[in-house]
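Residue-level structure breakdown
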Amino acid sequence: MPTKDTGRLEVRKTYKLYIGGAFPRSESGRAYAVNNAKGKFLANASQASRKDARDAVVAARKAFGGWSGKTAYNRGQVLYRIAEVMEGRHEQFSSEVAASEGLSISKARAVVDASIDRWVWYAGWADKLAQVVGSSNPVAGPYFDFSLPEATGVVAVLAPQDSSLLGLTSVIAPAIVSGNTVVAVSSYERPLPAVTLGEVMATSDLPGGVVNLLTGSASEIGPWLASHMDVNAIDLCGVADADEARDLEAAAAENLKRVRRPAAEDWTESPGLSRMTQYLELKTVWHPIGV
C-alpha cells in the first residue's frame, strides 16, 4: 500500500535465516507473516525446517574449533564489539521491540539498553571465568594438579517466546563467551529483532557459524535439535509446555546432552555465573613439579 506521506509503495521485507555467517532462505521455501502486537502486518519471516536446523548445526560445529581456540580476551572483545554495533542501531532495535512486544518507545529503549548492557557484562567475564571456575588442587605428591574449564561444544537454544531481544541475548551471550557455538530458535511471533541481531553479528567481528539464528516454530525444530547427535547441550528456556519439555529431555538423553530445563523467566534475573558454567567441562591436568 502507498504510504500516507509520500504515496510510494512500501518495500515489504522477507527476513531470512542467519546460518554460517550468511542469510539464506529456508530450504523449504516457507515463510510466515509477522504482525505487530496490534495485529498489523510488519514483514515476512523464513520458517526454518529440519534441513535448516541440520545446516545450522554443521556451521556451528565447523566454527567451534576456531572460536573455542581464540584467547578469552579476544572473545570478550568480540562480544563487546557486538554491543558497540547494537548501540549504533539503537533506534532500529527500539522500534522493532516496541512493535513486536507492544511497548511504548521509551520502554522499548530501556529493553534495548538492558540487552546491550548484558552483552557488555558477559564480555567482561570472558577472561575471568578460568580464574573463578578453575582451581589448583592439592595432591599428595610432587605434581601440580589443575582443573581448567573448557567449552562443551555446540549448544542448541530455544529462546524465550515472550521476549524478542533481551531474552535472546540472555541465552546466547553466556553460551558463546566461553567458546561454545550456538544454534538458536527465536521467538516465533516476535522474530524481527532476532534477525536484526543477526545482521549486527554479520557486521561485527564474530566469525560466521558461532551464532546461527533460525526463525520459525520451536515446537517443530526443537525435536530435531534435541535428538541431533552433534549437539552437545540444549537450553529449553522457551518451552512452556511441560510435556513438550519432557519429550525434548528424553530425545536429548540419546547422546547424553547437557539439558538446561525451562525455569520461570530465569533469564529476566540479573545475569550470573550459572548460564555460563552450564556449558563448561572441567579438564584436570597433572604436571610434575620442576619439569
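Residues numbered from 1 in each chain as written. Predicted model: local features only at pLDDT ≥ 70, side-chain atom pairs only at ≥ 80, totals over all residues. Heavy atoms only, no water.

Turning next to the sheet that holds strand β10 (residues 258-260). By way of backbone hydrogen bonds, the strands of a sheet pair with one another, either parallel or antiparallel. Spatial ordering of the open sheet is given by β8-β7-β6-β9-β10, a layout of five strands whose pairing is parallel. Every other strand in the sheet has two partners, leaving β8 (211-214) and β10 as the edge strands with one partner each. Pairs of neighbouring strands in the sheet enclose a mean axial angle of 15°, with direction left out of account. Here four bridges tie strand β7 (residues 181-185) to β8, and the two strands are oriented parallel to one another. Counterpart to valine 185 in the pairing with β8 is leucine 214. (Pairing = 2+ DSSP bridges. Helix = DSSP H or I, 4+ residues; strand = E, 2+ residues; numbered from the N terminus. Axes fitted to C-alpha atoms, helices over the stretch in contact; angles between N-to-C directions.)

Moving on to the packing of helix α3 (residues 90-101) against helix α4 (residues 105-125). Look at α3 against α4: their axes get within 8 Å of each other, and the N-to-C directions meet at 120°. Overall, the two elements α3 and α4 adopt an arrangement that is oblique. Between α3 and α4 the crossing geometry is right-handed. Residues His90, Glu91, Phe93, Ser94, Ser95, Val97 and Ala98 of α3 lie in contact with α4, whose contacting residues are Ile105, Ala108, Arg109, Val111, Val112, Asp113 and Ile116. Here the contact of α3 with α4 is composed, by residue class, of eight nonpolar, three polar and three charged. (Parallel < 35°, antiparallel > 145°, perpendicular 65-115°, else oblique. Left-handed = near helix turned anticlockwise from the far one by under 90°. Contact = heavy atoms within 4.5 Å. Nonpolar A, V, L, I, M, F, W, Y, C, P; charged D, E, K, R; others polar.)

What follows concerns unusual backbone geometry. Negative phi characterises most residues that are not glycine, and trans characterises most peptide bonds. A positive phi angle, near 55°, is found at leucine 256, a position not held by glycine. Mapped onto the fold, leucine 256 is located in the loop between α9 (242-252) and β10. The class of leucine 256 is exposed, set by a relative accessible area of 74%. (Buried < 20%, exposed > 50% of the residue type's maximum accessible area, 1.4 Å probe, protein only.)

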